[in-house]
Amino acid sequence: MNAVDTGFILVCAALVMFMTPGLALFYGGMVRSKNVLGTVMHSFILIALASVVWSLVAYSLSFGSSIGGIIGGLDFAFLRGVGMDNGGSPADNLPHLTFMIFQCMFAVITPALITGAFAERIKFGPFLVFSALWVIFVYSPMCHWVWGGGWMGEMGALDFAGGAVVHMSSAAAALAACLVLGKRVGHGKQAFIPHNIPLTVLGAGILWFGWFGFNAGSALAADGIAANAFVTTHLAAAAAALGWIFVEWMHRGKPTTLGAASGAVAGLVAITPGAGFVTPMPALLIGGLAGAICYGGILLKSRFGYDDSLDVVGIHGLGGTWGALATGLFASIGAKGLFYGNPAQLWIQFVSVVATWVFCFVASYVLFKTVDAVMGLRVSEEEEVKGLDVSAHSESAYQL
Amino acid sequence: MNAVDTGFILVCAALVMFMTPGLALFYGGMVRSKNVLGTVMHSFILIALASVVWSLVAYSLSFGSSIGGIIGGLDFAFLRGVGMDNGGSPADNLPHLTFMIFQCMFAVITPALITGAFAERIKFGPFLVFSALWVIFVYSPMCHWVWGGGWMGEMGALDFAGGAVVHMSSAAAALAACLVLGKRVGHGKQAFIPHNIPLTVLGAGILWFGWFGFNAGSALAADGIAANAFVTTHLAAAAAALGWIFVEWMHRGKPTTLGAASGAVAGLVAITPGAGFVTPMPALLIGGLAGAICYGGILLKSRFGYDDSLDVVGIHGLGGTWGALATGLFASIGAKGLFYGNPAQLWIQFVSVVATWVFCFVASYVLFKTVDAVMGLRVSEEEEVKGLDVSAHSESAYQL
Amino acid sequence: MNAVDTGFILVCAALVMFMTPGLALFYGGMVRSKNVLGTVMHSFILIALASVVWSLVAYSLSFGSSIGGIIGGLDFAFLRGVGMDNGGSPADNLPHLTFMIFQCMFAVITPALITGAFAERIKFGPFLVFSALWVIFVYSPMCHWVWGGGWMGEMGALDFAGGAVVHMSSAAAALAACLVLGKRVGHGKQAFIPHNIPLTVLGAGILWFGWFGFNAGSALAADGIAANAFVTTHLAAAAAALGWIFVEWMHRGKPTTLGAASGAVAGLVAITPGAGFVTPMPALLIGGLAGAICYGGILLKSRFGYDDSLDVVGIHGLGGTWGALATGLFASIGAKGLFYGNPAQLWIQFVSVVATWVFCFVASYVLFKTVDAVMGLRVSEEEEVKGLDVSAHSESAYQL
Amino acid sequence: MKKIEIITRPYKLDEVKNALTEMGIKGMTASEVKGFGRQRGHKEVYRGAEYQVDFVAKVKIEVVVEDKRLAEVIQVVQKTAQTGQVGDGKIFVLPVEDVIRIRTGETGEAAV
Amino acid sequence: MKKIEIITRPYKLDEVKNALTEMGIKGMTASEVKGFGRQRGHKEVYRGAEYQVDFVAKVKIEVVVEDKRLAEVIQVVQKTAQTGQVGDGKIFVLPVEDVIRIRTGETGEAAV
Amino acid sequence: MKKIEIITRPYKLDEVKNALTEMGIKGMTASEVKGFGRQRGHKEVYRGAEYQVDFVAKVKIEVVVEDKRLAEVIQVVQKTAQTGQVGDGKIFVLPVEDVIRIRTGETGEAAV
Ligand SMILES: Nc1ncnc2c1ncn2[C@@H]1O[C@H](COP(=O)(O)OP(=O)(O)O)[C@@H](O)[C@H]1O
Ligand SMILES: Nc1ncnc2c1ncn2[C@@H]1O[C@H](COP(=O)(O)OP(=O)(O)O)[C@@H](O)[C@H]1O
Ligand SMILES: Nc1ncnc2c1ncn2[C@@H]1O[C@H](COP(=O)(O)OP(=O)(O)O)[C@@H](O)[C@H]1O
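Residues numbered from 1 in each chain as written. Chains lettered and ligands numbered in written order. Predicted model: local features only at pLDDT ≥ 70, side-chain atom pairs only at ≥ 80, totals over all residues. Heavy atoms only, no water.

Asks: So what exactly am I meant to see when it comes to the overall build of chain A here?
Replies: Along the backbone of chain A there are 14 helices and two strands. For a compact globule of 400 residues, the expected C-alpha radius of gyration is about 21 Å, and chain A comes in at 20 Å, within 12% of that figure. Oriented by its inertia axes, the alpha-carbon framework of chain A measures out at about 55 × 50 × 40 Å. Scored against the burial criterion, the 400 residues of chain A give a buried share of 73%. Taking as baseline every contact in chain A between residues at least 6 positions apart, the subset at least 24 positions apart corresponds to 76%. For chain A, the accessible surface area stands at approximately 10100 Å², while carbon and sulfur atoms represent 67% of it. Mean positive and mean negative side-chain charge positions of chain A (16 and 19 charges, respectively) differ by 13 Å. (Helix = DSSP H or I, 4+ residues; strand = E, 2+ residues; numbered from the N terminus. Rg over C-alpha atoms; globule rule 2.2 N^0.38 Å. Buried < 20%, exposed > 50% of the residue type's maximum accessible area, 1.4 Å probe, protein only. Contact = heavy atoms within 4.5 Å. Areas by Shrake-Rupley, 256 points an atom, 1.4 Å probe, with all protein chains shown as cover. Lys, Arg positive; Asp, Glu negative; His and termini not counted. Charge placed at Lys NZ, Arg CZ, Asp CG, Glu CD.)

Written out as structure tokens, the structure is:
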């Protein structure tokens, strides 16, 4: 057990935790003012709900001893045997509790990312039920496959900090949500304009800040790999913010603040799978392209006509997919990608991308449909028009 | 001296410092928009004032060589002899300055917590005088009793990170404030509705984030105890947010965002005394119940008819008391509580709770009365109606 | 290479990065609501732009092998040879990448500070061009002179964390900006009142928090010097907030929230050059006086009649200068100032102050004039009246 | 019919609304306005620069009533909104030529 | 000339504006107001304390038109803003004695 | 008495207020409104989607004056608020039947 790493990873866990309130603001600023609390609440309450579910059962399903590479056993249910020393810890330099809580923060933010897709129209109770089930039945297996000793990791898929586990999985669920829930009332007719962009920029700033814990912390040690992941994370985000505003400047005539913030997040997403595997200059490229790709992805949305309120698919889906493939191209630290003579890695990445999308989409779709059948997912039109703050939470956000 | 712990505790000190701006927003969002700056200012200026007082004299009163277990001597006044090595440091793994500044941040946030009780109606000058005196005459003795070698710690009372020192003490002062200052103009007649709940949620997010420094840092080392405190802190907050919204859902028909944020804070308060002494599953229980208890406590407020503007007593008083007693029930790490075969601990906890409330309430009441007699504590009715932003600070918060 | 310091400096780098979103809000709250996004965007996009420029060339110009003490060579351009071990690292306890990225965050915030001077009236494209050039031609030489083995450091000038490199340099550029760009439309006739002071206070809180990484991290190790820098930073900020509101209370009759926030920043600026060289009690003095000096400096502004929108010169220029000189007076750790028997140090500090102001002012002035001649720096009057959010970014900040 | 415009202190809104409701008035429309008058504004100070703010927050309440209720409504509002301090505000009475209820198309007194 | 004051649901603003523009109306002025009427408000709860909010968000649209366009405008507005649900709002018609265009100093119908 | 409604550019508020005060007008009421007219709005873009914003921020100033001051007030306002650019706004004159000062109960011209 290593005190340096213990301290470092605890701090990183705090940083990752802080991302979810950041996400709450990032999303909250983008909805209409009558839905800001409903939107903020989604992320905020998931810090609570997902953490409890994680400690009771999902951690064990993710990191318990593998059952055929598919799912973890119940050895660690209720955190049994997860203690202050490294006994049983997947990272034997860390107290088991440290490893568990660091991972917990990932299980929190992942379902929170999904909420951008169904913002402004979902019922609160069914949302809670869906989210708890999703952590258990979608997140835990994914996490196990990649990091818990499951088949995807065994196959050699590279996912440093969660391109598949966090971003593609949440984006696939987001897509399922759009299909099941349908469009918001007035979509395409009324203007759905962000009500508070400074809030969104603040959220993006917090996300960027916390992402250092996310990616550098995924080295699970305060070492050179962590330093490298820190640097690639920062440079990819930087390049992506520039990439995004450059493309929109060309396309629409002006660079926007919301674009800079969105681009930064797109870059952070895209570098996540490769942060510890690629060097800084490729990170600039991965980021810069991520900005352009995700901007394009969002434009496509209106083509397909679905209503992904806050562009979860466009940013996390495309960004995560691009990042996973880019890792197969540019990996050079501790693994080799196509450009370093190992085309097989790209194939492995491709397989992991497809498997992740298919599994997460299908499983999320089934979960949404089931919850919808049992409880009804969507608020009434009257509640939706009134806004979720008042209709679902009996609150108003502002009395300025 | 230990470099790992030095780095870790410095980072934790930064996190704890960040809590007070977080508190400023948490409180600021809950008042009416004409008082937001007055409220924010209370917390913000205390970062300044309490730190200066701490460095000049209060640190020494807290951690100077004990005079009969009651108060510290003046050995460290003006930080004399508090240096870059561990000479004289109560934690000999840390540079004395590191220990001092970590503790400083606790002396900052504690008086800031009180400000929620007298928000929207206190004069600024007298508030500063009261706060400086309170740090010296109430906080320093309490801190000395518990952590500085004083009688309460000697008696065996368990207070890992400040259930008594921080939360009960500030709540007792809050209660005294309500009695001395009386109700706000229009209380019970007009609606006193939070003016900006996203600000409050942001504040809660920052508090939660910073609390990891508060509780895990109280291990004073980057070790397994810190990891455990980190985990119990997170799980208690999570359970409490759920507990609170569950109870209000039953009681009022809707779960609220403000409730989730308030519940999280209640859970953080409740786990504070026991964070390093209890294991994760009891932490879930302590938190879950804290959410329910503090919700109930706030409802009681209107029964008793006092005007604790932002529920300092309901959250910090009840939460801290419950947490201190719960530590006597559930302690199992480095100490044993009732459920681990040591009923004596519960009795000790009970004594410490009563002593803390009595001492802090009486001393705070005397201080308030004295300052009131000398300078007058309360703003004029005209100033109160106009709002403190304009009348006390010549500012308006918003020109949107 | 040292794992403790690696972890500590990575965390500090994250903290320093977080300062720039904090600055975005600090500045954004002070402008009129029609310019908040334009202002926020300046800081936010510089995180992106300056980081990319830094990684491509400016890091090398700053820390590459010195060419006559004037500028670094291109050895590290494109981060060639900047790797996961300490090979070539100016700090051999750190992975080279760790040192590089920590320094990167300084190169980000410094040009961002300048933006306060030309807020509400600059064109976005030319601003980007100017900023990139400024990082290369002004920041990099300054950084090299002081920390990269250049003449100023060799001369023995003390600049612990950037009094000259960060604060005076940006203030000199700010002054140049005011001269080149002229006043805002309506300046002196209409009231230019901050549109959202809670946002500014939040920004100040984030800045204070991040500054611990800035100053303590500048020790480049988790040691007693870091602890001392942490403590002096905190106490100077505290004293300065009190100093500022005390002076304005005397002068204008009320202490303001904006004053407390501004004062804290002034104190943080002033302690920056001396944080690791002075002890805590002098830090209190340096801070307290900084609050008063910067308040006075801002009043002078209207005398001289220039329009430094957000007082970059008053706070960073005067605060940084006072801090640099004060370091020459009070230094006692690892160097001696006048009061510790070494008057020569004050002279050296004086020389470094003059050289910094002259070089940075002249170079920035030339850059501004050049960009102005080529692209035009100032928006049209119509765009300015409409506000930059709409005219430069096609966005509105709020739809409350 | 007449339109009565009441400009008064914001915290009086609820009291006025309740008083009007009690006397059987079924609808009204309120908005936030800034008033300038005998009541003095206040000073604001930002970084040492003083600004005089002359406008004071007020609420404007608009009620359209049948002619025969006019006197009664004015009297009730005046009593309810009065504090006796400068700044209590004004009541303006304007003629209204027609009223239409959008939902039903009813016009005239039936539509109020 | 007449001033037509339309108080209706906020999301109808754009539709009404478009309908008026199509019939050749060149200008109008809108503002956010809070309405009290037959449409019920809602409950809000903060830390266990219930508050009844009686005012509902509405938009007020003011259009000054020549007398001869009055009937036509009213009809279009009524049709466009109508949903048939309680809370659709009202149209008030007030006499206007004069109009001045600030830019040119034109008065009367030329100024609208 | 007459009510003068001035709709003009927000930054003209202080100038108009000062001009009116100088000529002895004791009170007025201002509010933020959104205007639609010949002055063009602007485009906004959020994540690649374009929106046309047709309403422009304006301020509405309401002053009730005795009939005999009407012409004078209009003239001063028109001069003060004029920039000559499209979007300067309008002045509407409406009849007022009565004014009541809430504080004192005074009515008519004494109450203005
Ligand atoms: N001539 C006027 N036209 C329009 N509004 C007025 C006029 N005079 C006063 N008001 C409004 O009435 C409010 C109260 O007026 P004021 O003179 O301050 O006090 P009082 O009504 O007690 O004499 C003002 O703030 C303003 O909004
Ligand atoms: N007498 C009135 N005076 C002024 N405004 C009114 C009056 N009656 C109704 N209103 C406005 O019209 C809105 C709609 O009225 P309401 O009674 O709720 O529904 P409806 O118009 O469908 O009958 C109200 O919210 C209020 O703003
Ligand atoms: N017929 C009208 N009814 C009500 N308000 C109007 C009318 N016409 C114009 N306005 C108001 O006057 C403002 C200025 O009008 P506009 O046509 O843009 O410029 P100008 O007054 O210079 O001709 C508009 O934004 C609107 O608020």
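Asks: Honestly, the interface of chain C and chain A in this entry has me stumped. Any pointers?
Replies: By a frequent convention, interface size equals the accessible area lost on bringing the separate parts together. Residue-level contacts link 53 residues of chain C with 50 residues of chain A. In total, chain C and chain A occlude about 4000 Å² of area from one another, counting both sides; carbon and sulfur atoms represent 83% of this. Our enumeration of links across chain C and chain A arrives at zero salt bridges. Connecting chain C to chain A are eight residue pairs in polar contact (both at pLDDT 80 or more). Where the side of chain C that touches chain A is concerned, the elements lending two or more residues are helix 1 (3-30), helix 2 (36-63), helix 3 (96-118), helix 4 (124-147), helix 7 (197-217) and helix 14 (388-393) of chain C. (Buried area = accessible area lost by both parts, 1.4 Å probe. Salt bridge = Lys/Arg side-chain N within 4 Å of Asp/Glu carboxyl O. Polar contact = N/O pair within 3.5 Å; in protein donor to acceptor, adjacent residues only side chain to side chain.)

Asks: Got a minute to help me understand unusual backbone geometry in this structure?
Replies: As a rule of thumb, non-glycine residues mostly have phi less than zero, and peptide bonds are mostly trans rather than cis. One non-glycine residue, A:Ser394, adopts positive backbone phi at about 55 degrees. Turning to its location among the elements, A:Ser394 is positioned in the segment after helix 14 (388-393). Even without being a glycine, C:Phe78 presents a positive backbone phi close to 55 degrees. Structurally, C:Phe78 is set in the loop between strand 2 (71-72) and helix 3.

Asks: Looking at this model, I keep getting lost on the site of ligand 3. Mind explaining?
Replies: By nearness alone, 22 residues border ligand 3, and E:Thr29, E:Arg103, F:Arg38, F:Gln39 and F:Gly87 come closest of all. Bordering ligand 3 are residues originating from chains E and F. E:Arg103 places a side-chain nitrogen or oxygen 2.7 Å from an oxygen atom of ligand 3. One of the backbone N or O atoms of F:Gly89 is found 3.1 Å from an oxygen atom in ligand 3. With the chains in place, 99% of the 550 Å² that ligand 3 exposes on its own is no longer accessible. Listing elements by their share of the shell around ligand 3, those giving two or more residues are strand 2 (28-36) and strand 5 (56-65) of chain E together with strand 2 (28-36) and strand 6 (90-95) of chain F. Here the element with the most residues in the shell around ligand 3 is strand 5 of chain E; it accounts for three residues. A breakdown of the residues in the shell around ligand 3 according to their chemical character gives eight nonpolar, seven polar and seven charged. (Near = heavy atom within 4 Å. Nonpolar A, V, L, I, M, F, W, Y, C, P; charged D, E, K, R; others polar.)

Asks: Looking at this structure, how should I read helix 2 of chain C?
Replies: In an α-helix, one full turn covers 3.6 residues, which means residues spaced three or four apart are oriented alike. Residues and elements named next belong to chain C. For helix 2, built from 28 residues, the straight-helix expectation of 40 Å at 1.5 Å per residue is missed by more than 12%, its first-to-last C-alpha distance being only 36 Å. Of all bends in helix 2, the biggest is about 65 degrees, found at Ser 55. With 26 of 28 residues buried, helix 2 lies mostly within the body of the structure. (Expected span 1.5 Å × (residues − 1). Bend = angle between axes of the 7 residues up to and from the residue.)

Asks: Would you mind going over the relation of the copies chain A and chain B with me for this structure?
Replies: These two copies of the chain differ by a rotation about an axis and a displacement along the same axis. Overlay of chain A on chain B (RMSD 0.0 Å): rotation 120 degrees, translation along the axis 0.0 Å. Put plainly, the chains are arranged around a three-fold axis. Of the C-alpha atoms belonging to chain A, the one lying closest to the rotation axis is found on A:Val4, 3.3 Å away. Comparing contact sets, just 15% of the residues at the interface of chain A also lie at the interface in chain B, consistent with a heterologous contact between different surfaces. (Least-squares fit on C-alpha atoms with pLDDT ≥ 70 in both.)

Asks: What should I look at first to understand the confidence of the model for chain D in this one?
Replies: It should be kept in mind that the predicted coordinates are not to be read in detail where pLDDT is low. Of all residues in chain D, 100% have pLDDT values of 70 or greater, and the mean over the chain is 96. For this predicted complex, the interface score ipTM comes out at 0.97, alongside a pTM of 0.98. (pLDDT = per-residue confidence, 0-100.)

Asks: Please explain the site of ligand 1 as it appears in this structure.
Replies: Inspection of the region around ligand 1 gives 22 residues, with D:Arg38, D:Gly87, F:Thr29, F:Val64 and F:Arg103 positioned closest. Between ligand 1 and D:Gln39 there is a distance of 2.9 Å, counted from an oxygen atom to a backbone nitrogen or oxygen. Within the contact set of ligand 1, a nitrogen atom lies 3.3 Å away from a backbone nitrogen or oxygen of F:Gly27. Contact with the protein chains removes 99% of the 550 Å² of surface that ligand 1 exposes when unbound. Broken down by secondary-structure element, the contributors of at least two residues to the shell around ligand 1 are strand 2 (28-36) and strand 6 (90-95) of chain D together with strand 2 and strand 5 (56-65) of chain F. Broken down by element, the residue count for the shell around ligand 1 peaks at three residues, all from strand 5 of chain F. Its residues assigned to classes, the shell around ligand 1 shows eight nonpolar, seven polar and seven charged.

Asks: Looking at this model, I keep getting lost on the relation of the copies chain C and chain A. Mind explaining?
Replies: Relative to chain A, chain C is turned by 120 degrees and slid 0.0 Å along the rotation axis, the superposed coordinates differing by an RMSD of 0.0 Å. Interface residue correspondence from chain C to chain A reaches only 15%, placing this contact among heterologous pairings that use different surfaces.

Asks: I would appreciate a short explanation of the packing of aromatic side chains in the present structure.
Replies: By convention here, two paired aromatic rings are described through the distance between centres and the angle between planes. The final tally for this structure, using the stated rule, is 94 aromatic pairs over all chains. Aromatic side chains B:Phe124 and B:Phe127 sit 5.8 Å apart centroid to centroid with 40 degrees between the ring planes, which places their arrangement in the tilted category. One end of the pair, B:Phe124, and the other, B:Phe127, are both in helix 4 (residues 124-147), three residues apart, so they sit about a helical turn from each other. Note on accessibility: B:Phe124 and B:Phe127 belong to one class, buried. These aromatic residues form a ring-pair network of at least three members: B:Trp54, B:Tyr59, B:Phe63, B:Phe76, B:Phe99, B:Trp134 and B:Tyr139. Looking at F:Lys34, its charged tip hangs above the ring of F:Phe55, at a distance of 5.8 Å from the centre. (Phe/Tyr/Trp six-rings, centres within 6.5 Å; stacked < 30°, edge-to-face > 60°. Lys NZ or Arg CZ within 6 Å of the ring centre and 35° of its normal.)

Asks: Any chance you could explain the interface of chain A and chain B here in plain terms?
Replies: At the interface, 53 residues of chain A touch 50 residues of chain B. Between chain A and chain B lies a buried interface of about 4000 Å² when both sides are counted; carbon and sulfur atoms form 83% of it. Its largest share of buried area at the contact with chain B, chain A owes to A:Phe44, A:Met84 and A:Leu400, together 16% of the area lost on that side. Put simply, chain A and chain B have zero salt bridges between them. Run the count over chain A and chain B and you get eight residue pairs in polar contact (both at pLDDT 80 or more). When residues of the side of chain A that touches chain B are traced back to their parent elements, those giving at least two are helix 1 (3-28), helix 2 (36-63), helix 3 (96-118), helix 4 (124-147), helix 7 (197-217) and helix 14 of chain A.

Asks: Just checking my understanding: could you explain the state of the cysteines for this structure?
Replies: What is meant by a disulfide is a covalent connection between two cysteines, made through their sulfur atoms. With the rule as written, the count across this model stands at zero disulfides over all chains. Between A:Cys12, a cysteine without a disulfide, and B:Cys12, which holds the nearest cysteine sulfur, the sulfur-to-sulfur distance is 13 Å. The structure places no disulfide on A:Cys104, whose sulfur is separated from the nearest cysteine sulfur, that of A:Cys143, by 11 Å. (Disulfide = S-S within 2.5 Å.)

Asks: Which parts of the structure should I look at to understand a nonpolar patch on the surface?
Replies: On the surface, A:Trp347, A:Phe350, A:Val354, A:Val358, A:Val362 and A:Val366 cluster together into a nonpolar patch covering about 570 Å² of accessible area. With respect to the helices and strands, the residue A:Val362 is situated in helix 12 (residues 343-375). (Patch = residues over 30% accessible without salt bridge, like charges linked within 9 Å, V, L, I, M, F, W, Y side chains within 5 Å.)

Asks: I tried to follow the arrangement of the chains on my own but got confused; where do I start?
Replies: No part of chain A reaches chain D; the closest C-alpha pair between them is 11 Å apart. Across all C-alpha pairs, the smallest distance from chain B to chain F is 11 Å, and the two are not in contact.

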